[in-house]
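Each chain, written out:
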Amino acid sequence: MTLQKTSIAIAVSLALGCVVNAHADQASDMQAKLDALQKEIQELQAQMNAVRKKQEQAAPAAAAAAAAPANGVKAGKDLVFKVGGGEVQLYGHADVSLDDQTNGMAGFINGGLPVTGHNGWVPDVSSNLSFFGVRGNRAVSDDLKGVFQVETEISYAATPGASDQATDTTAQKYSLGSRNSFVGLQSEEYGAIKLGKTDTPYKTATARLDPFASTPGDYNAIMGNSGGDNRTEFDFRAPHAVWYESPNIQGVHANVLVSPGQNRSTDTGLYAQGEPDCSGGNSTGGLNGNAGQPTSCTDGSFATLYSVDLTFESGPLYATAAYELHKDVNRTGDEIVPGTIGIRDESAYKLGVQYTFPTKTTVNVLVERVQRDAITDSLDERTHTATWLALTQSLTAFDDLNLGWAHVGRTPGQPVEGVQDKFGNPAPAGSSNNEANLYTIGLKHRFVDKRTTAYLTYSSLVNGYWAHYSLGAGGHGLPTRNYVGDKFIGGCQTGGNCGPPFSGYNPEAVSFGVTYDF
């Protein structure tokens, strides 16, 4: 009995020992696992703290990136890029035409002999004020933007460089920035101030009244033309200029421009400083056949230019008034007797109205007065009154019929021997039978894309006996000239029977062209 109890006691003790040892081993394993888990938690916490710290450091940059618009192409029909919080647009206009023109000088006489050269109809392919530009803006405050534009004439048909058809024979027409280019500040409330070069307010005020712009029948054959030939001295792009553009206030808008003379010459007889040609063009020499600058600018060069316009637009009505002043215009190249023509101010003002009737008929009316402060009235070929009447009738949603008529009245006189008539006789003083009429008709078709057009025009310019106006002045790539075929600017080819510029000729032109805008 005693042995049995003893055996039981020993068995129980051994069992209890095994249980205690088992629990001890389990507790030890559990502790080890807890320690490992705690270590993993601590490592994970450290990693989370590191990630949180990086996020906190990156937050300001992310906020700044979210505040600034991303670069990219802006949705819409125009090619506009969003760049650095602003916008930059690429744009352009292509206009190329196939023409057939006559200078109307077949059978003219010089020195008792028929003039030489191809003086009848001659075909040509012309680039007509085609251009490419980049412009943009960026906000600099709540109501103020910095703005810029760079625009260049593009030669689609002709070789780039100085043109034998241009009045300014030294200027490179197709160089970068050859058209309206500027930098400035613009406010919706207060308007804009810009510096650079641009079409004058006098020019832009009535540009929309001419449905034949840049064709041979461009109204600048007469309007804005101060004396005939390929002259558009009051339809001008002013270089080295500063101008103000007002905000639109209930349909009323104004522009004011000043182009300083930049000329230390007392008679405006030199180039404006920093410029490649005489003011207003009309170089007397220069790079086209003569080395260096001309000895003087005596054929219309002026000092400071002032230009202003005021317009009103409401519904179908557009009305405008404009004025421009050229100070100290040098015309000494026209005088035989010194001091009879001299250096005087020239100015112009005009009134224009455009109205579109419910019949989709648009009527354009323009009256212009050009004035020279003449010394001798009988030698004054600048002072005159001109009128323009144009009608556009929409035939379909895509087709227009255009009609235009310009008339320029007689001047008080004309410089002695400035031109000669069709018989070779030089103009006498006071020969003021120099009125002229421009007639133009045309069809324009707009394709469905609204960016491509085709046009066909016919133009005829009927010069009075002593008048010498030119088709295509101011826009068309190849204006007619009042020189015979064998004459180049400044002289005649060998054997040519040319003479000076002629008057009384009747240039005509047919033009078929295609335009594309982007």
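For the structure, see preceding data.
The following refers to the structure shown. (Residues numbered from 1 in each chain as written. Predicted model: local features only at pLDDT ≥ 70, side-chain atom pairs only at ≥ 80, totals over all residues. Heavy atoms only, no water.)

### Regarding the pairing of strand β14 (residues 317–330)
For step 1, the next point in the chain: For strand β13 (residues 305–314) and β14, the ladder comprises ten bridges, and the chain directions are antiparallel. If you follow L305 over to β14, its bridge partner there is H326.
For step 2, the next point in the chain: Bridging between β14 and strand β15 (residues 343–356) involves twelve bridges; their strand directions are antiparallel. Within β15, the residue paired with Y318 across the bridge is Q354. (Pairing = 2+ DSSP bridges. Helix = DSSP H or I, 4+ residues; strand = E, 2+ residues; numbered from the N terminus.)

### Observations regarding the state of the cysteines
For step 1, the next point in the chain: Inspection of the entire model under this criterion finds one disulfide.
For step 2, the next point in the chain: Note on cysteine connectivity: C278 is disulfide-linked to C297, with sulfurs 2.0 Å apart. On the sign convention where negative means left-handed, the S-S torsion of about -80° between C278 and C297 marks this disulfide as left-handed. Highlighted residues: C278 in the loop between β12 (252–259) and β13 and C297 in the loop between β12 and β13, separated in sequence by 19 residues.
For step 3, the next point in the chain: For C278, a relative accessible area of 4% corresponds to the buried category. (Disulfide = S-S within 2.5 Å. Buried < 20%, exposed > 50% of the residue type's maximum accessible area, 1.4 Å probe, protein only.)

### A word on unusual backbone geometry
For step 1, the next point in the chain: In this structure, Q262 takes a positive phi of about 50° despite not being glycine.
For step 2, the next point in the chain: Looking at the secondary structure, you find Q262 in the loop between β12 and β13.

### Notes on the environment of K487
For step 1, the next point in the chain: For K487, the location among the structural elements is in strand β21 (residues 487–488).
For step 2, the next point in the chain: For K487, a relative accessible area of 18% translates into the label buried.
For step 3, the next point in the chain: Linking K487 and N497, residues ten residues apart in sequence, is a C-alpha distance of 8.3 Å.
For step 4, the next point in the chain: If near-sequence neighbours (up to four positions away) are discounted, K487 is found in contact with C492, C498 and G499. (Contact = heavy atoms within 4.5 Å.)

### A few points about the side chain of T200
For step 1, the next point in the chain: With respect to the helices and strands, the residue T200 is situated in the loop between β10 (191–199) and α2 (201–204).
For step 2, the next point in the chain: Its relative accessible area of 0% is what places T200 among the buried residues.

### Digging into the pairing of strand β16 (residues 361–372)
For step 1, the next point in the chain: Two strands pair when backbone bridges link them, and β15 and β16 are joined in this way by eleven bridges, in the antiparallel orientation. Its bridge partner lying in β16, K350 is registered against E368.
For step 2, the next point in the chain: Counting the residues that bridge the hairpin from β15 to β16 gives four residues, and of these K360 lies at a positive phi of roughly 60°.
For step 3, the next point in the chain: As paired elements, β16 and strand β17 (residues 384–394) share ten bridges and run antiparallel to each other. What sits directly across from L366, in β17, is W388.

### A few points about the packing of aromatic side chains
For step 1, the next point in the chain: Considering all chains together, one arrives at nine aromatic pairs under this definition.
For step 2, the next point in the chain: Ring geometry for Y219 against W388: centres 5.6 Å apart, planes inclined by 75°, an arrangement best described as edge-to-face. One end of the pair, Y219, is in the loop between α2 and β11 (237–245); the other, W388, is in strand β17, and 169 residues separate them in sequence.
For step 3, the next point in the chain: Given a relative accessible area of 3%, Y219 falls into the buried group.
For step 4, the next point in the chain: Measuring from centroid to centroid gives 5.7 Å for F236 and F302, while their planes differ by 80°, and the two rings are edge-to-face. Remark: F302 occurs in the loop between β12 and β13 and F236 occurs in the loop between α2 and β11; sequence separation between them is 66 residues. (Phe/Tyr/Trp six-rings, centres within 6.5 Å; stacked < 30°, edge-to-face > 60°.)

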